[in-house]
Amino acid sequence: MIVFEHVGKRYGGRFEALANLDFRVRRGEMVFLTGHSGAGKSSLLRLIMRLERPSRGRVLVAGHDIERLHASQLPFYRRQIGVVFQDHQLLFDRSVFANVALPLEIQGMEPREIARRVRAALDKVGLLYREKALPIELSGGEQQRVGIARAVVNKPALLLADEPTGNLDPQLSADIMALFEDFNRIGTTVMIASHDLALIARLRHRILRLREGRLVADEEAA
Amino acid sequence: MSRDDTPARRGARSQRTQASSRLRAWGRHHRAMGLDSARRLVRQPLGSLLTMLAIAIALVLPAGLWLMLDSARLLDAELAESATLTAYLEPRVGEGEAMRIAEALGAHDDVAAVRLITAAEGMAEFQQALGLGDALGRLESNPLPASVVVMPRQEAPAAMQALVDELEAVTGVEEVRLDLAWVERLAQLAELGRRVALALALLFGLGVLLIVGNTIRLAVESRRQEIEVVTLIGATHAFVRRPFLYSGAWYGLGGGLLALGLLNLGGHWLATPVSALAVSYGAHFAMPRLDVAGSATLLLCSTLLGWLGAWIAVGRHLASIRPR
Ligand SMILES: Nc1ncnc2c1ncn2[C@@H]1O[C@H](COP(=O)(O)OP(=O)(O)OP(=O)(O)O)[C@@H](O)[C@H]1O
Ligand SMILES: [Mg+2]
């Protein structure tokens, strides 16, 4: 599903955020990405979304060299990836419901179908009762869960999550991880960047460890 | 990446339903964005009104000038039709002889009709026109010659000039005046006016683009985060651009409506003095009004200008917005 071939990423010409990354993630796999702050986790995920371009090497997703995607194809590429952003990226001028509905509206889905799917997604993250609230009225953890609902509402083939449990208590973190596992079980490829070493160790999935932009360990699922 | 919806698996029929549902989705988004952008304008009534008023003012000037010239063209045609020659008879010619000369002139091939104005009639007309009845009434003798107004068959300037020469050769005719010069001057003036109106229209049209462009630029800036987010989750440029295009079109339409209102108001305000002035010149000149077609054209142009201004502004601005 995802192939990194000797990928390097420099910001501003000198600073090397990622160096010589070489790995592949199979379709339907669930992978954790970990490492210290600044190790390059977010950068790696942004490369997959093609929000950044590699300074060297190639990134292939579903067999396509995404560098070759034309600007006009990018929206359609991104629609197939569900992303939970580290900083949520919610719209604060509209309700929780409207935020989660956004990816479906962009695709022009029928309003009735949108409502059905949005409610299902909100139900999964336990926020159905807040659908009319504005994001500003929610706690940090609740906002994060709205972001998760938005990422999964489209039933994407690939799910990327950047610190999805950063603001959640242990119980909620475990629930959210279980949610990702559910998606993984029905065939979604999942890649999660996380600091929560205790939690991800318990979950027994493959772990990629980054240090200073290098892949220092690739531990297969136990 | 593609899930199990490979084209091979889909029949022609489902492809057709998919195309039609995509079309419906497109129409739905247009409707939603049209309404949404209208709602945004209404939510900021003062700002929207000011923008529309600025557009209206930019439209009123060239449109008003154009209207005036358009009716001046009608007037101008009326005047050209009534282009006549005046043959002034020699002072010594008496009333009887004057009638004979008028008949002779009327018999000319190129003359359609003649009308004799005797010295006394000429005096009366003159007094009336100047309102100087008494002062002239006290004159010993009438200093005005009799004259014959000649309606030519052909109004082309060259033909008229030839006729002038021929009529001047008739005995008893002192001088033939061809009052074409001022008609021509008027036509030139009207042409000048039309060009000025066109230049103004271009200039002010550009003004409308700038007004709308600037307003939309601010709107894009204020919704920057939203644009970044929808781009992150796969919105196309067209999707992002749409609400702003509708805003621009609404601004243009609102500005056009206000301009129509201003034009009518101005028309009413000027109608009385203008028609009085026209009557004093013996001309019939009604204050011009925009008819339905003209109003529709104005609204269409203003709406298109608003849309275009938004398109340019959004296009320039979107390139600078990259999702973080
Ligand atoms: N747009 C950018 N311009 C310049 N440097 C950047 C940019 N984005 C990231 N970096 C640098 O690249 C390095 C990796 O950043 P990245 O955000 O990928 O780290 P991370 O592993 O996600 O960290 P954290 O756990 O704190 O989120 C950091 O040192 C950061 O300063
Ligand atoms: Mg990060």
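Residues numbered from 1 in each chain as written. Chains lettered and ligands numbered in written order. Predicted model: local features only at pLDDT ≥ 70, side-chain atom pairs only at ≥ 80, totals over all residues.

Going by the annotation in an unreviewed UniProt entry, the name recorded for chain B is Cell division protein FtsX, with Bisbaumannia pacifica given as the source organism. Reading the Subunit (unreviewed entry) entry of the UniProt record for chain B gives the comment "Forms a membrane-associated complex with FtsE." Per its UniProt entry, chain B bears the Subcellular location (unreviewed entry) comment "Cell inner membrane". (UniProt positions renumbered as here; feature names shortened; annotations may be inferred.)

Chain A goes by Cell division ATP-binding protein FtsE in an unreviewed UniProt entry, where it is assigned to Bisbaumannia pacifica. Quoted verbatim from the Sequence similarities (unreviewed entry) field of UniProt, the annotation for chain A is "Belongs to the ABC transporter superfamily." UniProt lists a comment for chain A under the heading Subunit (unreviewed entry), and it reads "Homodimer. Forms a membrane-associated complex with FtsX."

Asker: Explain the interface of chain A and chain B here, please?
Answerer: A common way to report how large an interface is uses the accessible area buried once the components associate. Contact residues are listed per partner, giving 16 residues for chain A and 16 residues for chain B. At the level of secondary structure, the elements contributing two or more residues to the side of chain A that touches chain B comprise helix 2 (74-79) and helix 3 (96-106) of chain A. With four residues, helix 2 of chain A is the single largest residue contributor to the side of chain A that touches chain B. The class makeup of the residues in the side of chain A that touches chain B is eleven nonpolar, three polar and two charged. (Contact = placed C-beta atoms within 7 Å. Helix = DSSP H or I, 4+ residues; strand = E, 2+ residues; numbered from the N terminus. Nonpolar A, V, L, I, M, F, W, Y, C, P; charged D, E, K, R; others polar.)

Asker: Would you take a moment to explain the pairing of strand 9 (residues 206-211) of chain A for this structure?
Answerer: Consecutive side chains along a regular strand alternate between the two faces of the sheet. Residue and element names in this part refer to chain A. As paired elements, strand 3 (residues 30-35) and strand 9 share five bridges and run parallel to each other. Bridge pairing in strand 9 places Thr34 opposite Arg209. Bridge count for strand 9 against strand 10 (residues 214-219) is five bridges, and the pairing is antiparallel. By the bridge assignment for strand 10, Leu210 is matched with Leu215. Adjacent in sequence and paired antiparallel, strand 9 and strand 10 are bridged by two residues, among which Glu212 carries a positive phi angle near 50 degrees. (Pairing = 2+ DSSP bridges.)

Asker: It is not clear to me how unusual backbone geometry should be interpreted in this structure. Could you clarify?
Answerer: For residues besides glycine, phi is generally negative; the peptide bonds are generally trans as well. All names here are of chain A. Phi is positive for Ala62, which is not a glycine, with a value near 50 degrees. Looking at the secondary structure, you find Ala62 in the loop between strand 4 (56-61) and strand 5 (64-65). Backbone geometry at Arg204 places phi at a positive 60 degrees, although glycine is not the residue there. Tracing the backbone shows Arg204 in the loop between helix 7 (197-203) and strand 9.

Asker: Honestly, the site of ligand 1 in this entry has me stumped. Any pointers?
Answerer: Residues and elements named next belong to chain A. In the vicinity of ligand 1, the residues found are Tyr11, Gly12, Ala17, Gly35, Ser37, Gly38, Ala39, Gly40, Lys41, Ser42, Ser43 and Gln86. The dominant element in the shell around ligand 1, judged by the number of residues it contributes, is helix 1 (residues 41-49), at three residues. In terms of residue class, the shell around ligand 1 is built from three nonpolar, eight polar and one charged. (Near = placed C-beta within 6 Å.)

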